[in-house]
Amino acid sequence: MLRFIIRRILLAIPVLITVATLTFLIMHWVPGGPFDTDKILPPEIIANIEAKYHLDKPLPMQYLLYMKQLLQGDLGPSYKYLGRDVTDIILDTFPVSFTLGLCAVWVVLGLGIPAGMISAYWKDSLLDRSVLLLAGMSISVPSFVLGAVSVWIFSHQWHLLPPALWEGPRHILLPAFALGAGFSGYIARLTRTTMLDVLASDYIRTARAKGLTEPIILFKHVLKNSVYPIVSVMGPLTAGLVTGSFVIEYIFSIPGMGRFFITAVTNRDYPLIMGVTLVYAVLIVVANMVVDMLYGWLDPRVTLK
Amino acid sequence: MAIFAPWVAPYSYETQDTLKTLTFPNFEHWMGTDRLGRDLFSRMIYGARVSLFVGIFTTVFALLIGTIYGAISAYAGGRTDNLMMGVVDVVFALPDLLMIILITVLMGRGVTGVFLALTLVSWVTVARLVRGEVLRIKEFPFVQAARALGASPTRILAREIFPNILGILVVTLSFRVPVAILAESTLSFIGLGIAPPFSSWGSLANDGWTAIKFYPHLILFPSLAIFLTILSFNFLGEGLREVLDPRTSKAHE
């Protein structure tokens with residue numbers, strides 16, 4: 001187990017270095033800089049600004065400097081939000097995005113697993129068919145469409161929920177739903193397929209023969225053996241939720257990392273872009289690692305090497 | 001429809017009728033007009049060009065690169081395989097949408113930029129799939145027989161192995177097209193994709209989003225188009241998979 005963890009961490013390092021290097025290079029290749037304004041600045045001021053942000057040094061020096069700061073957890077100053085460090089901005093916005101993501105995970109599992117179970121238990125019934133159809137549709141809906149439609153219905157037509165901002169539990173409902181609903185379709189299908197396999201297995205027949213009641217069979221035997229594949233897709237799911245949160249935060253004007261990222265891209269605020277990219281990359285790599293470990297821990301049939 | 005856009009569309013995509021801004025759907029303008037008085041139906045047809053072009057061509061290119069890369073990697077084996085798959089692992093671990101955004105920042109927000117960005121991140125999935133399939137098929141007796149007869153690796157890959165993975169490739173194609181369309185429309189929706197004056201369904205939806213409270217039709221039609229396109233490609237993929245993919249056996253259903 002320990003060897004497995006060490007191996008995964010070792011594998012994560014080149015990935016993160018690649019992300020850091022790639023973003024650094026891309027940001028410096030891009031024509032035009034963050035300080036290009038309509039006003040023509042005197043050359044002394046430009047030189048001053050460049051010296052302040054080390055932009056006057058040769059590229060390899062800038063790169064080494066950047067990597068050194070990175071190792072110290074310092075992501076550099078923001079170009080646009082004067083006086084604020086990228087690390088500060090990320091620390092402020094990360095909890096918001098994290099809460100949203102966590103709520104979305106509950107939406108995904110809370111909708112997906114029960115739907116899949118119902119679908120598998122009453123296989124080929126009308127209920128099963130409608131769940132499958134709904135799942136197929138939810139997979140095909142872009143999250144921004146879902147967000148827009150739900151805002152229109154719940155906020156503009158029925159005036160039930162706020163259409164934007166982030167000021168309390170009522171503000172979480174719509175974005176979490178819009179972010180999670182699409183993925184719940186995948187989970188529903190997956191739950192259905194694995195549950196059908198489990199339901200047809202010998203030990204379920206034995207359990208039935210022993211005269212156990214249906215609820216006990218369903219929740220103790222079937223569900224417990226159906227969760228492994230669901231755990232295994234949680235890694236890609238996290239990645240999907242992370243990137244999905246860009247759009248959702250944009251639609252609902254949520255002050256999370258995703259929205260700051262979009263503004264940073266339009267502002268050419270390079271340190272902020274690089275910082276957010278790195279945080280996301282770390283997040284996804286860590287999520288995949290945790291999921292793999294969880295999988296090995298839950299399923300005795302899997303041995304980690 | 002999308003190919004013949006200039007002949008089908010009743011109005012040009014940039015014609016502004018300033019007297020008829022923000023009209024609701026009517027007989028003259030089937031889907032109404034936008035803030036600048038442009039006919040939404042015509043813009044939708046031109047948008048379809050961009051959306052479908054990006055969706056289909058990125059997938060085809062990704063499939064091409066991925067297939068060649070994966071096949072070579074699997075067939076070469078050994079250290080070459082390890083190295084080639086190492087590259088794939090790294091690209092695979094990068095967050096997709098982030099990389100696409102960064103690349104479009106670099107390449108510019110035109111159709112080409114978006115196209116290249118999407119291709120660059122999506123070929124790795126195909127490469128992995130193809131590698132797995134080639135590894136499996138490589139061991140089959142008919143391939144061994146061809147090798148015993150002295151066929152060159154290129155010939156074996158092209159004549160013996162390729163026909164056997166064609167089915168899976170077609171299925172992958174129809175599943176990856178909606179993914180690409182979704183990525184492009186998402187990108188354009190948050191304003192980081194296709195730049196004006198060109199528009200895709202995603203950027204049209206974004207235009208509509210700003211006016212959703214009073215003119216919901218402006219976002220309704222582009223959203224519907226994206227949704228229905230993705231839905232049909234997914235259904236097509238599922239249908240094709242049942243027919244073409246040997247791994248999903250009927251007995252399993």
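Because the structure is a prediction, the values reported are computed rather than measured. (Residues numbered from 1 in each chain as written. Chains lettered and ligands numbered in written order. Predicted model: local features only at pLDDT ≥ 70, side-chain atom pairs only at ≥ 80, totals over all residues. Heavy atoms only, no water.)

## Notes on the pattern of salt bridges
All names here are of chain A.
Stage number 1. Throughout the structure, instances matching the rule amount to eight salt bridges over all chains.
Stage number 2. The residue Lys 123 makes a salt bridge to Asp 124 at a minimum N-O spacing of 3.3 Å.
Stage number 3. You can call Asp 124 partly exposed: its relative accessible area is 46%.
Stage number 4. A salt bridge links Arg 208 to Glu 214; its shortest N-O distance comes to 2.8 Å.
Stage number 5. Residue classification places Arg 208 among the partly exposed residues on the basis of a relative accessible area of 37%.
Stage number 6. Sharing partners across several salt bridges, the network here consists of Lys 123, Asp 124 and Arg 129. (Salt bridge = Lys/Arg side-chain N within 4 Å of Asp/Glu carboxyl O. Buried < 20%, exposed > 50% of the residue type's maximum accessible area, 1.4 Å probe, protein only.)

## Concerning the packing of helix α4 (residues 96-107) of chain B against helix α5 (residues 111-138) of chain B
All names here are of chain B.
Stage number 1. The geometry of α4 relative to α5 is characterised by a closest axis approach of 8 Å and an angle of 145 degrees between their N-to-C directions. Of the two possible hands of crossing, α4 and α5 adopt the one that is right-handed. Contact residues: Asp 96, Met 99, Ile 100, Ile 103, Thr 104 and Met 107 in α4; Gly 113, Val 114, Leu 116, Ala 117, Leu 118, Leu 120 and Val 121 in α5.
Stage number 2. Each residue belonging to the contact of α4 with α5 can be placed in one class, and the counts come to ten nonpolar, two polar and one charged. (Axes fitted to C-alpha atoms, helices over the stretch in contact; angles between N-to-C directions. Helix = DSSP H or I, 4+ residues; strand = E, 2+ residues; numbered from the N terminus. Left-handed = near helix turned anticlockwise from the far one by under 90°. Contact = heavy atoms within 4.5 Å. Nonpolar A, V, L, I, M, F, W, Y, C, P; charged D, E, K, R; others polar.)

## Here's the deal with a nonpolar patch on the surface
Residue and element names in this part refer to chain A.
Stage number 1. A grouping of Leu 2, Ile 6, Ile 9, Leu 10, Ile 13 and Ile 17 is seen on the molecular surface, where their side chains present a nonpolar patch of about 560 Å² in accessible area.
Stage number 2. Along the chain, Ile 6 turns up in helix α1 (residues 2-29).
Stage number 3. Judged by its relative accessible area of 44%, Ile 6 is partly exposed. (Patch = residues over 30% accessible without salt bridge, like charges linked within 9 Å, V, L, I, M, F, W, Y side chains within 5 Å. Areas by Shrake-Rupley, 256 points an atom, 1.4 Å probe, with all protein chains shown as cover.)

## Examining the nonpolar core
Stage number 1. One finds Phe246(A), Phe261(A), Ile101(B) and Phe189(B) to be the most contacted residues of the largest nonpolar core, which totals 105 residues.
Stage number 2. Beyond its immediate sequence surroundings of up to four residues, Phe246(A) is in contact with Gly258(A), Phe261(A), Ile262(A), Tyr280(A), Leu97(B), Leu98(B) and Ile101(B).
Stage number 3. Of all hydrophobic cores here, the second largest spans 15 residues; its members include Leu63(B), Ala74(B), Val130(B) and Ile165(B). (Core = buried A, V, L, I, M, F, W, Y, C linked by side-chain atoms within 4.5 Å.)

## A few points about the packing of helix α6 (residues 143-157) of chain A against helix α7 (residues 169-199) of chain A
All names here are of chain A.
Stage number 1. Across the interface, α6 lies against α7 with an axial gap of 9 Å and an inter-helix angle of 140 degrees. The crossing of α6 and α7 is right-handed. Listed contacts from α7 to Ser 143, Leu 146, Gly 147, Ser 150, Val 151, Phe 154 and Ser 155 of α6 are Leu 174, Phe 177, Ala 178, Ala 181 and Gly 182.

## Points about the interface of chain B and chain A
Stage number 1. With 33 residues of chain B at the contact, the number on the chain A side is 38 residues.
Stage number 2. Counting the surface lost from both chain B and chain A, the interface buries some 3,300 Å², and carbon and sulfur atoms represent 84% of this.
Stage number 3. In this assembly, chain B and chain A are joined by one salt bridge.
Stage number 4. Among the ionic pairs, Glu238(B) bridges to Arg189(A), the shortest N-O distance being 3.0 Å. (Buried area = accessible area lost by both parts, 1.4 Å probe.)

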